[in-house]
Amino acid sequence: MDNPVKDFFMQLSENKMLNSAAKRWGFVFGANRVVAGVTIEETMETIKKLNESGISCTVDHLGEFVYEKSEAIKAKNQILQVIKAINENQVDAHISLKPSQLGLDIDYDFCLGNIEEIVSQADKYNIFINIDMESYRHLQLSYDLLDTLSKNHNNVGTVIQAYFFRAEEDLKKHQDFRLRIVKGAYKEAPEVAFLDQEKIDQNFIDLIELHLLNGKFTSIGTHDHHIINHVKEFVRKNHISKNKFEFQMLYGFRSDLLYSLREEGYACCSYVPFGEDWYGYFMRRLAERPQNINLLVKQVFTKKTNTMIGLGIAAITFAALLIKKRK
């Protein structure tokens with residue numbers, strides 16, 4: 001995908017007006033193909049179906065633009081309800097959460113208190129909490145949260161984004177944690193991150209290999225079959241147990257590949273997002289890689305013409321906003 005197109009979708013993901021409108025429009029964009037549901041009940045049903053096929057899940061309660069304490073507390077309470085539902089339904093799932101949704105852009109200590117409550121509740125049920133990484137401006141603060149929480153809890157881990165220059169250093173510092181390694185989904189400055197896709201891919205592979213050899217459990221977050229094949233060969237040559245890692249994919253993307261890997265005996269996990277605040281997540285998935293656009297064309301657009309109309313509405317609306325701003 002050309003960078004201008006990627007930039008376009010990233011700008012769409014960050015547009016508060018469209019984010020608010022998307023909540024009213026519902027899943028007109030075809031987001032129901034990549035978002036598990038709006039309610040916890042719907043999400044539990046999705047997880048049960050995935051579990052039946054041997055796929056574990058990590059659950060993300062979607063949220064964007066949280067700058068009020070009341071919104072962060074509401075998000076915290078929703079995640080606590082998800083933890084309760086996971087325990088009551090006895091499903092194979094854990095939690096992924098974003099610090100910004102829980103108040104990181106409001107106050108660090110306030111955010112820490114919210115996540116501490118979540119981690120403590122999850123610890124009672126032996127449920128793992130993964131602290132997702134966001135844009136660079138949140139990066140160090142998110143590691144600070146992890147380091148503080150891990151002093152009293154061992155059910156927390158985080159994400160390493162391969163496009164950051166500091167990724168190897170961060171991975172080595174946290175090699176005793178369960179880590180998800182990904183390429184990275186945000187638009188970052190050239191001063192802090194690789195912009196060249198080949199360099200990102202190579203660093204991604206290097207980080208995976210490093211953690212597989214020296215770290216704790218590794219979640220490999222990718223839909224890239226070239227990298228997946230590389231990992232399969234690497235673990236074979238290095239006699240790495242299949243119990244030390246899993247392949248993790250976004251819900252709704254490359255399901256055929258995920259099920260195929262599970263049939264081969266590999267541990268597999270689906271990243272299951274849910275909630276009304278799905279818009280920013282959906283747009284970042286479109287921006288992230290050309291393959292995601294192609295997959296949606298195959299899986300969604302050809303089946304639901306209103307999806308293309310929905311994206312057209314988003315594009316036209318965004319263009320109108322730009323024109324209005326320039327005027």
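Residues numbered from 1 in each chain as written. Predicted model: local features only at pLDDT ≥ 70, side-chain atom pairs only at ≥ 80, totals over all residues. Heavy atoms only, no water.

1. Some words on the pairing of strand 2 (residues 93–97)
Alright, step 1. Counting buried residues along strand 2, 5 of its 5 residues qualify, which places the element largely inside the surrounding structure.
Alright, step 2. Judged by which residues are buried, strand 2 turns out to be covered on both faces: Ala93, Ile95 and Leu97 on one side and His94 and Ser96 on the other are all buried.
Alright, step 3. Bridge analysis of strand 1 (residues 56–61) against strand 2 gives 4 bridges, and the strand direction is parallel. Note on strand 2: the bridge partner recorded for Thr58 is His94.
Alright, step 4. Between the parallel pair strand 1 and strand 2, the chain is carried across by helix 4 (residues 69–89), and the sense of this crossover is right-handed. (Buried < 20%, exposed > 50% of the residue type's maximum accessible area, 1.4 Å probe, protein only. Helix = DSSP H or I, 4+ residues; strand = E, 2+ residues; numbered from the N terminus. Pairing = 2+ DSSP bridges. Right-handed = clockwise from strand over helix to strand, strands pointing away.)

2. Here's the deal with the packing of helix 5 (residues 108–124) against helix 6 (residues 136–149)
Alright, step 1. It is at 11 Å that the axes of helix 5 and helix 6 come closest, and there the two elements cross at 45°. Overall, the two elements helix 5 and helix 6 adopt an arrangement that is oblique. Helix 6 is crossed by helix 5, and the crossing has right-handed handedness. Here helix 5 contributes Tyr108, Cys111, Leu112, Ile115, Glu116 and Val119 to the contact with helix 6, which in turn contributes Leu141, Asp144, Leu145, Thr148 and Leu149.
Alright, step 2. Tallied by class, residues from the contact of helix 5 with helix 6 come to 8 nonpolar, 1 polar and 2 charged. (Axes fitted to C-alpha atoms, helices over the stretch in contact; angles between N-to-C directions. Parallel < 35°, antiparallel > 145°, perpendicular 65-115°, else oblique. Left-handed = near helix turned anticlockwise from the far one by under 90°. Contact = heavy atoms within 4.5 Å. Nonpolar A, V, L, I, M, F, W, Y, C, P; charged D, E, K, R; others polar.)

3. Regarding the side chain of Lys232
Alright, step 1. Here Lys232 is to be found in helix 9 (residues 225–237).
Alright, step 2. Apart from the residues within four sequence positions on either side, Lys232 is in contact with Phe247, Leu261, Glu264 and Tyr266.

4. Focus on the environment of Ser241
Alright, step 1. Along the chain, Ser241 falls in the loop between helix 9 and strand 7 (245–250).
Alright, step 2. On the basis of relative accessible area, Ser241 is assigned to the partly exposed category, the value being 34%.
Alright, step 3. For the pair Ser241 and Tyr266, spaced 25 residues apart in the sequence, the C-alpha separation amounts to 9.8 Å.
Alright, step 4. A distance of 3.1 Å separates the side chain of Ser241 from the backbone nitrogen of Asn243, its partner in a polar contact. (Polar contact = N/O pair within 3.5 Å; in protein donor to acceptor, adjacent residues only side chain to side chain.)

5. What about helix 5?
Alright, step 1. With 17 residues, helix 5 extends 25 Å between its outermost C-alpha atoms, agreeing within 8% with the 24 Å of an ideal straight helix rising 1.5 Å per residue.
Alright, step 2. Three or more residues of helix 5 are buried, namely Phe110, Cys111, Leu112, Asn114, Ile115, Ile118, Val119 and Ala122.
Alright, step 3. Where helix 5 begins, one side-chain oxygen reaches toward the backbone nitrogen of Asp109, 3.2 Å away; that side chain belongs to Asp107. (Expected span 1.5 Å × (residues − 1).)

6. Looking at the confidence of the model for the protein chain
Alright, step 1. Per-residue pLDDT for the protein chain averages 85, and the proportion of residues at 70 or more is 77%.
Alright, step 2. Confidence over residues 299–310 falls short of pLDDT 50; this stretch has 20 contacts with residues more than four positions distant or in other chains.
Alright, step 3. Counting contacts from residues 316–327, a segment whose pLDDT is below 50, to residues more than four positions away or on other chains yields 8 contacts. (pLDDT = per-residue confidence, 0-100.)

7. Focus on the packing of aromatic side chains
Alright, step 1. Within the structure shown, the criterion is met by 6 aromatic pairs.
Alright, step 2. The interplanar angle of 55° and the centroid separation of 5.5 Å between the aromatic rings of Tyr136 and Phe164 together place this pair among those described as tilted. Pair noted here: Tyr136 is in helix 6 and Phe164 is in the loop between strand 4 (156–161) and helix 7 (167–173), with a separation of 28 residues, a long-range link.
Alright, step 3. Since its relative accessible area comes to 34%, Tyr136 is described here as partly exposed.
Alright, step 4. Taking the centre distance of 6.1 Å and the plane angle of 50° together, the rings of Phe245 and Tyr266 count as tilted. One end of the pair, Phe245, is in strand 7; the other, Tyr266, is in the loop between helix 10 (255–263) and strand 8 (268–274), and 21 residues separate them in sequence.
Alright, step 5. Three or more aromatic residues link up through ring pairs in this structure, and these residues are Tyr136, Tyr163 and Phe164.
Alright, step 6. The ring of Phe128 carries the charged tip of Arg178 above its face, separated from the ring centre by 4.5 Å.
Alright, step 7. Above the plane of the ring of Tyr266 lies Lys242, whose end atom (NZ or CZ) is 4.4 Å from the centre. (Phe/Tyr/Trp six-rings, centres within 6.5 Å; stacked < 30°, edge-to-face > 60°. Lys NZ or Arg CZ within 6 Å of the ring centre and 35° of its normal.)

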